[in-house]
Amino acid sequence: MTADESARIDGIAGTTTSVLRTLVLSDLVDSTALVERLGDQRAADLIRKHDRVARALMQQHGGREIDKTDGFLLVFERPIQAVAYALAYQRELADLGAQEQIELAARIGIHVGDVVVWDNSADDVRRGAKQTEVEGLVKPVAARLMGLALPRQILMSGTAYDIAHRAQGELGEKLARVRWRTHGRYRLKGVPDLVPVFEVGEEGIAPLRAPAWSGKAHREMPVWRRPLAVVAELLALLLLVAVPAWYFFKPAPAIAFANRDWVVVGSLKNLTGHQVFDDSLEAAFRVGLEQSRYVNVVPQLQVRDALKRMERDPAATAVDRIVGSEIALREGARAVVLPTVAEVGGRVRMTAELVDPHTQTSVYSDSVDAEAEEAMLPRMDELLRKMRGRLGESLASVSEASKPLAQITTGNLDALRALGKAEEEHGRGKVNEALVLLKEALRLDPKFALAWVRLSTLQNAYLGDSHGAFDSLRQAVANRDRLSAREQLFLDGTLSQYEDANRWIDKWTAAAQLYPDAIAARQNLGIGYLWYQHRLAEAQPHFEAIANSRHPLRGASWIALAVIETERGDDVKAMADVAKARELASVMPHFEDVVTDLAARRYDAVSKRLEGMPATLPATIQAEKQLKLAAIAIDQGDDAAAARALEVATQYSVKSTSASQQARVRLASAALRLATRATDAKATLDALIDAETARLAASQPTTDGSATIHLSLAAMMAARSGGSTGKARAGLDASRSIALDHGYYDRSALWQTADCEVRFATKPADRASCLESLVDGREYYQTHVGLWLAYLASDAAAKAEAQQQWLRAHRGQAVAELENEVALIPNLLDARRLPDTQAQAAAATSGPSR
């Protein structure tokens, strides 16, 4: 660093100056003993290496060396630069010790404040003075912090912590390993005011525990711990005994809590100053209470939704006694539970207070104490047992339905905190941030089964990554003993999607019976009946139960009801359902809310809705948007615009991680090319069949059934185009088992339709007979397209006319069925070819489909 640079950093140029700066004091532990062990020469060589490492790091992080003895006195402009230097120094020192095969450790103190800085004259420097002097109260505070620190520990003042912690993002990729700890307020010798002491360090290097007291620094104790306050301590002890006794013996206020009633869990009040408790203990408390089949916990998303309706900022509002009571009254909850954690007499005390929301009075209060961090979750188990018993749950039920928190979550509080933060970010709609936090939780504890389950949900719902989601579920299965009974049941239900649709229905039926108020069970039952079985009547009551609840995610169920009514052709009911959904959610990530408008040909409304979607949505969702725009263009007869939209969809699908999405776009493009008689249409279709056949062979057969659906639709198009059906036949043969043997009606019905088309491609009468056998009231639109074309080819005019009428009457089904995407483009291309007269019907037989 040049003299000019140094002057610019320190704000001085040969004059006495008072500036705000951060000081770092470091000390090499047991340096004298080091010399005695190594001898003068080897110790000197080691010290030189140490100094080169330290000076390289201080230059890298913008520091300036002021003095050096066994350690360094350094000055930095900003606390975050000092923290970055200190972390890197401790890391490099550990590496140097390993290389030299000797234990090396340092203590570091960091403080920020006004310092007086001046440059000594050239004569003074020649006489042995330092080039630059730094003085001020910052210096002794940093020195006391350094002296208090344990080996490998970095201690900092509250001021330095506040500024550095806000800028921690500047630590970059190293941030994932960094931990911040608070150790309370200390009385430092020679410093008039109490100093809050914080620690920053990396796991595996830093001790991350409170330093020992010394003659020059001791932790400030509460008044009842002081020798001169024995009387006050006795009074405090009396109160500690009397208050619980009063709670125990007083007549309990009536609170009418019954089986399956709801509670609001308030924000954890953390009085210890240890930030790691903020989200970790709150998450553990909620998970523990959710194990109960007797008590229902109002979901965090529902609490956030209620706060918004109360015109409060969910991110800035603590759910305390008053706010929690208002939420409980709004949401129909019977009680509010307020958890608190505090430090009492060197122990951590966890308290759960049960509040009647009508009067805001405390009904019960229970506490437990933990002597060490590893005892906190077992003691919380005890607290939860007490609380559930207070609410009326039998001890037998508590024991039967519950596992220890450390087993069903994680013993790593930092990992538990990351999970809690991930669920908070997901609730705010910040999916990418939630994914990062979940991966951090799994880095800290790779066997954290609940985090694997949550990761799988996001991978499937937002990334379209079915294989990644399946891999995450397998990790959860490998550690299923670390899930609660409820989460194990839900895990089995989710896994059944990759096995058998009938098993999916059975698993989620059992889950709904055991946990009748769990939205996931009812929602997944509805999905199974609607998408996998195409049983609209059976799906409807499950979606209605959720739609008429107060759950914040009920908008998705209103949309599912709109899809059902659209398939049935009831536009009025469908639009009413869409309106209710849009009141609850401004963004439908998969554009399900445009289906009803598209079916009714309200193109402007569809376009406006699509163009108003955020540009930050993942590539898979952007591809879906372009597919919907292509559908509008096809419906309007603008094939050029449709081709442009599909080209953009192709670009987005390539960027995505979803092979299924890529195939879906290629299927739509192939259908449009066939309809417009493009010269490469047949080649495009053959390439798609080859690719999906290969994907089916390479993947685990039950992890992604989309390939069978794509192959079936492609086979239909190949058979109707009049060319060779060899590839189509091979694709169908390859997908036979997964289509027919796993209980999925969508796969089997489409596969059987395609099989009829391919087997009897040149025999229209036999083809018609084969397709007729598939009509069962649940059949898809393409089965009737095939029947219409078969009747036309076999000169069965009356039957062909009947099919035309069916196809016209079921436009809503053409748009809404099969998740309103996979068959959307082929369905609309066939729907627009329906003739209005017998003459037009005859002309239609010469098109690309027969």
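Every value quoted in this text rests on a predicted model; they were computed, and no experiment measured them.

Chemist: Can you help me understand the pairing of strand β2 (residues 64-68) in this one?
Modeler: Residues in a regular strand point their side chains to alternate faces of the sheet. The pairing of β2 with strand β3 (residues 72-76) spans four bridges and is classified as antiparallel. Residue pairing in the sheet places K68 in a bridge with F72 of β3. Counting the residues that bridge the hairpin from β2 to β3 gives three residues.

Chemist: Is there a simple way to explain helix α19 (residues 485-495) in this structure?
Modeler: The α-helix advances 3.6 residues per turn, and as a result positions three or four apart in sequence lie on the same side. Buried within α19 are the following residues: E487, Q488, L489, F490, L491, G493 and L495. Contacts from the buried residues of α19 go to α17 (449-462), α18 (466-478), α20 (501-514) and α21 (519-532).

Chemist: Is there a simple way to explain the nonpolar core in this structure?
Modeler: Side chains of a nonpolar character, in soluble globular proteins, are inclined to be buried together. Counting 95 residues, the largest nonpolar core has L598, L685, L713 and I825 as the members making the most contacts within it. For this core, the element with the most residues is helix α31 (residues 706-720), which contributes ten residues. When neighbours within four sequence positions are excluded, L685 is seen to be in contact with A670, L674, A714, M717 and A718. If you look at the next biggest cluster of nonpolar residues, it comprises 63 residues, including A284, V348, L377 and L458.

Chemist: Would you mind showing me how to read the side chain of D51 here?
Modeler: Among the structural elements, D51 can be located in helix α3 (residues 40-60). Look at D51 and you get buried, because its relative accessible area is 8%. When residues no more than four places from it in sequence are discounted, the contact partners of D51 are K68 and F72.

Chemist: How should the side chain of T596 be read in this particular structure?
Modeler: Locating T596 in the fold gives a position in helix α25 (residues 595-599). Here T596 is in contact with A562, T566, D571, A574, M575, V578 and R602, once residues within four sequence places are set aside.

Chemist: Where do I start with the packing of helix α4 (residues 79-100) against helix α7 (residues 158-166) in this structure?
Modeler: Angle between the axes and distance between the axes: these two values describe a pair of packed helices. Following both chains from N to C, one finds α4 and α7 inclined at 90°, their axes separated by 8 Å at the closest point. Relative to α7, α4 is oriented roughly perpendicular. Two secondary-structure elements touch here, α4 through P79, I80 and V83 and α7 through A160, I163 and A164. Here the residues of the contact of α4 with α7 sort into six nonpolar, no polar and no charged.

Chemist: What should I look at first to understand the pairing of strand β10 (residues 262-265) in this one?
Modeler: Pairing geometry for β10 and strand β12 (residues 296-297), over two bridges, is parallel. Its bridge partner lying in β12, W262 is registered against N296. Here β10 runs beside strand β13 (residues 335-344); their pairing, made up of three bridges, is parallel. Paired with V265 across the two strands is V337, which belongs to β13.

Chemist: What's the story with the packing of aromatic side chains in this structure? I'm lost.
Modeler: Geometrically, a pair of aromatic rings is defined through the distance of the ring centres and the angle of the planes. The tally for this structure, following the rule as stated, stands at twelve aromatic pairs. Between W504 and W508, the ring centres sit 5.8 Å apart and the planes meet at 65°, which makes this aromatic pair edge-to-face. You can see W504 and its partner W508 sitting in helix α20, four residues apart, about one turn around the helix. You'll find W504 and W508 in the same group, each marked buried. When the centroid spacing of 5.7 Å and the interplanar angle of 45° are considered together, the rings of Y745 and Y780 count as tilted. With Y745 in helix α33 (residues 745-759) and Y780 in the loop between α34 (764-772) and α35 (781-793), this pair connects stretches of sequence that are 35 residues apart. Both residues of the pair, Y745 and Y780, count as buried. Of the aromatic side chains, those joined through ring pairs into one cluster are F490, W504, W508, Y515, Y532 and Y744. The ring of F72 has K68 lying over it, and the distance from NZ or CZ to the ring centre is 5.7 Å. Here the guanidinium or amino end of R747 rests over the ring plane of Y744, the centre of that ring lying 3.8 Å away.

Chemist: Just checking my understanding: could you explain helix α38 (residues 824-831) for this structure?
Modeler: The buried count for α38 comes to eight of eight residues, which makes it a mostly enclosed element. Listed in full, the buried residues belonging to α38 are L824, I825, P826, N827, L828, L829, D830 and A831. For α38, the elements touching its buried residues are α25, α27 (619-635), α29 (659-675), α31, α35 and α37 (811-816).

Rules behind the numbers
- Residues numbered from 1 in each chain as written.
- Predicted model: local features only at pLDDT ≥ 70, side-chain atom pairs only at ≥ 80, totals over all residues.
- Heavy atoms only, no water.
- Pairing = 2+ DSSP bridges.
- Helix = DSSP H or I, 4+ residues; strand = E, 2+ residues; numbered from the N terminus.
- Buried < 20%, exposed > 50% of the residue type's maximum accessible area, 1.4 Å probe, protein only.
- Contact = heavy atoms within 4.5 Å.
- Core = buried A, V, L, I, M, F, W, Y, C linked by side-chain atoms within 4.5 Å.
- Axes fitted to C-alpha atoms, helices over the stretch in contact; angles between N-to-C directions.
- Parallel < 35°, antiparallel > 145°, perpendicular 65-115°, else oblique.
- Nonpolar A, V, L, I, M, F, W, Y, C, P; charged D, E, K, R; others polar.
- Phe/Tyr/Trp six-rings, centres within 6.5 Å; stacked < 30°, edge-to-face > 60°.
- Lys NZ or Arg CZ within 6 Å of the ring centre and 35° of its normal.

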